[in-house]
Amino acid sequence: MTYVQALYGGGGWPLSVLLSPDLKPLMGGTYFPPEDKYGRPGFKTILRKVKDAWDNKRDMIVKSGAFAIEQLSEALSASAGSNQLPDGLAQNALRLCAEQLSNSYDSRFGGFGSAPKFPRPVEIQLMLYQSKKLEESRKPGEAKESLKMVFFSLQCMARGGMHDHVGGGFHRYSVDECWHVPHFEKMLYDQGQLANVYLDAFFISRDILYSFISRDILDYLRRDMIGSEGGIFSAEDADSAEFEGATRKKEGAFYIWTSKEIDDILGEHASLFKEHYYVKPSGNCDLSSMSDPHKEFKGKNVLIERNDSSALASKLGMSIQEYLDILGECKKKLFDVRAKRPRPHLDDKVIVSWNGLAISSFAKASKILKGEPQGTNSNFPVVGCDPKEYMEVAEKAANFIRRHLYNEQTRRLQHSFRNGPSNAPGFLDDYAFLISGLLDLYEFGGSTDWLVWATELQDMQDELFLDREGGAYFNTPGEDPSVLLRVKEDHDGAEPSGNSVSAINLVRLVSMVSGSKSDHYRQNGEHLLAVFESRLKEMAMAVPLMCCAADMLSIPSRKQVVLVGHKPSEEFENMLAAAHASYDPNKTVIHIDPTNTAEMEFWETNNNKVALMARNNFAADKVVALVCQSFSCRPPVSSPESLQHMLSNKSASSSVV
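These numbers were taken from a predicted model, which means no experiment stands behind them.

1. Some details on the overall build of the chain
Right, on to step 1. Counting secondary structure elements, the chain contains 24 helices and 17 strands.
Right, on to step 2. The globule rule puts the C-alpha radius of gyration for 657 residues at 26 Å, and the 26 Å found for the chain is close to it.
Right, on to step 3. In terms of overall dimensions, the chain has C-alpha extents of about 80 × 75 × 50 Å along its principal axes.
Right, on to step 4. Each of the 657 residues in the chain was classed as buried or not, and the buried ones make up 55%.
Right, on to step 5. Counting contacts in the chain only where the partners sit at least 6 residues apart, residues at least 24 apart contribute 67% of the total.
Right, on to step 6. Accessible surface, the chain as shown: approximately 28200 Å² in total, 50% of it carbon and sulfur.
Right, on to step 7. Taken together, the 73 basic and 87 acidic charged side chains of the chain have centroids lying 3 Å from each other.

2. A look at the confidence of the model for the chain
Right, on to step 1. Overall, the predicted model of the chain reaches an average pLDDT of 93, with 98% of residues at or above 70.
Right, on to step 2. Predicted confidence for residues 651-657 stays below pLDDT 50, and this span has 17 contacts to residues more than four positions away or in other chains.

3. Considering the sheet that holds strand S17 (residues 632-633)
Right, on to step 1. As summarised here, the arrangement of the 4 strands in space is S15-S14-S16-S17, forming an open sheet in which the pairing is mixed. Each edge of the open sheet is held by one strand with a lone partner, namely strand S15 (587-592) and S17.
Right, on to step 2. Across 6 bridges, the pairing between strand S14 (residues 559-564) and S15 is parallel. Residue pairing for S15: Gln 560 is matched across the bridge by Thr 588.

4. Structural notes on the side chain of Asp 219
Right, on to step 1. Relative to the helices and strands, Asp 219 resides in helix H8 (residues 208-224).
Right, on to step 2. Within the structure, the side chain of Asp 219 is placed 2.8 Å from the side chain of Tyr 390, a separation counted as a polar contact.
Right, on to step 3. With residues near it in sequence (within four places) discarded, Asp 219 still touches Pro 381, Val 382, Val 383, Gly 384 and Tyr 390.

5. With respect to the packing of aromatic side chains
Right, on to step 1. Inspection of every chain in the model, using the stated rule, returns 20 aromatic pairs.
Right, on to step 2. Centroid distance Phe 273 to Tyr 277: 4.7 Å. Interplanar angle 45 degrees. Geometry classified as tilted. The exposure classification of Phe 273 matches that of Tyr 277, with both residues buried.
Right, on to step 3. Arranged with centres 5.2 Å apart and planes meeting at 65 degrees, the rings of Tyr 406 and Trp 453 form a pair that is edge-to-face. Placement of Tyr 406 in strand S11 (residues 406-407) and of Trp 453 in helix H16 (residues 448-465) is noted, with a sequence separation of 47 residues between them. In this pair, the class of Tyr 406 matches that of Trp 453, namely buried.
Right, on to step 4. Put simply, the rings of Phe 151, Phe 170, Tyr 198 and Tyr 210 touch in pairs and so form one group of aromatic residues.
Right, on to step 5. The ring of Phe 380 has Lys 332 lying over it, and the distance from NZ or CZ to the ring centre is 5.8 Å.
Right, on to step 6. The aromatic ring of Phe 474 is capped on one face by Lys 488, whose charged end is 5.0 Å from the ring centroid.

Scoring rules and cut-offs
- Residues numbered from 1 in each chain as written.
- Predicted model: local features only at pLDDT ≥ 70, side-chain atom pairs only at ≥ 80, totals over all residues.
- Heavy atoms only, no water.
- Helix = DSSP H or I, 4+ residues; strand = E, 2+ residues; numbered from the N terminus.
- Rg over C-alpha atoms; globule rule 2.2 N^0.38 Å.
- Buried < 20%, exposed > 50% of the residue type's maximum accessible area, 1.4 Å probe, protein only.
- Contact = heavy atoms within 4.5 Å.
- Areas by Shrake-Rupley, 256 points an atom, 1.4 Å probe, with all protein chains shown as cover.
- Lys, Arg positive; Asp, Glu negative; His and termini not counted.
- Charge placed at Lys NZ, Arg CZ, Asp CG, Glu CD.
- pLDDT = per-residue confidence, 0-100.
- Pairing = 2+ DSSP bridges.
- Polar contact = N/O pair within 3.5 Å; in protein donor to acceptor, adjacent residues only side chain to side chain.
- Phe/Tyr/Trp six-rings, centres within 6.5 Å; stacked < 30°, edge-to-face > 60°.
- Lys NZ or Arg CZ within 6 Å of the ring centre and 35° of its normal.

Structure below.
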């Protein structure tokens, strides 16, 4: 794809590239019709011409292909002219990216850009990060404006047909501008990232709409997408058979409904449900000219919420809770009927990088969702489990990867697992996304074993992928001669780039360990970002997560919250939840039990300041919290309420403890 985009100025699927016997590209393009038409040469014509050129001008086309690869290789393995970004560039890139996204914001339907609309969570992450920065800079009006765009976009996505209202989770993207008719494929990387941004929205707003959507996604994964040993599967197809024995599959067949089906299944509540989800006898894919241009869904309905629940409940003389309970019962009935339909194909590969994203969201949910008000009721497809169950899912997935896809001797990862590990080695994304997930596993309450593994993986990532002279990470190890290009990927698209995630991992590690190791992480992070200086200057919107990483690294010191006490205990869990109760991407949470020999040994080796804090502040009957900047700390507190107050009090002074 990179080759075709570079040579012909664009790319897409289906992609065709013709290779020489030694796997060098000779020519390529996007979609050649079977026969010559639309003013385009047909595939057979292309093959004949390439055959003729191979027979008569072989040297020329081989040299041309080799030259193209050589030029591309040079262009894609950019090196940094200096070891760090110029002063002020990080802040300018962050501001520029937020401005560019704001200019593309759809104030009518939410989201950034036009149809087809992808849920690109890195855009949401940047706008939330920028909002926090604006708030800290005492610009509450601008901060509120950023949040307004984010919240409206997340609400529109959740109400739209791209969200599976009956079974939970999100489809791949919306073909129209109003998030209605999706491409029905479901991808693990979307679920992991979307759960995270809805958790962040709950963090900030305390609106349980966002916590419910987070749970909806995570509960879908728990129910349908996890193997018996804990590995999380990759995807579900868009197409499925309309009925058992059908000879062909159709897009969305598993998910769409006729009005009559809903009448038959829901009986007395059918009219309530149909009004809520815009269900029509003629089908409802009529909200946009792009929703169903080929009339594939004629007479069918893709559920979408277009009315306010409170208004509809009031219209029917019901309390909002009674109304939502009825909707939940209806969804469960539809779910049970849908379960008898032929299912879309399940791609049950376990991919390390995508599992890393999901591990992160499950770990975060285990503490953030403790902030839901007591007595909060949820309805199907949300299960409403104790948040600590999410931590168990995260740890089980991480253990699966450690057991099946990690070699303890070589300390290397394999890329994926299906009936055994694949032959493909781990790529940069596998290391970077898993390290990020492991750091979240630790920060949100897991053992220091996860932190140990994260640092081991970071060392191996540096060994395999780091360009020590030029800076930043290649996406492949460079050991396979058939891999033509070692690319330094920076684009934060449907998935974040391995370099952006790595930069944030390095920032987080700098704040945990001390001495030469901390310096090493900082230098690698600064050098990495310097490689992408021109991208941050000129195309900030293409690298939103990298813009956040650059700003994070430019901050003189991150806030540290250090918790000292006995683990596990309810008191410790509550203090940990309090440490994570406010949205602050520039905060690191460290927790330590001084009675745990392995933990004390880890911190004595990696950061003696933490070990010293633990010894000096340990009390057998309570959990102590310290809020620090560069390990210069405010006086300790010992209640969750005091910790939350301290973390929200921006003007509190520090004193060395």
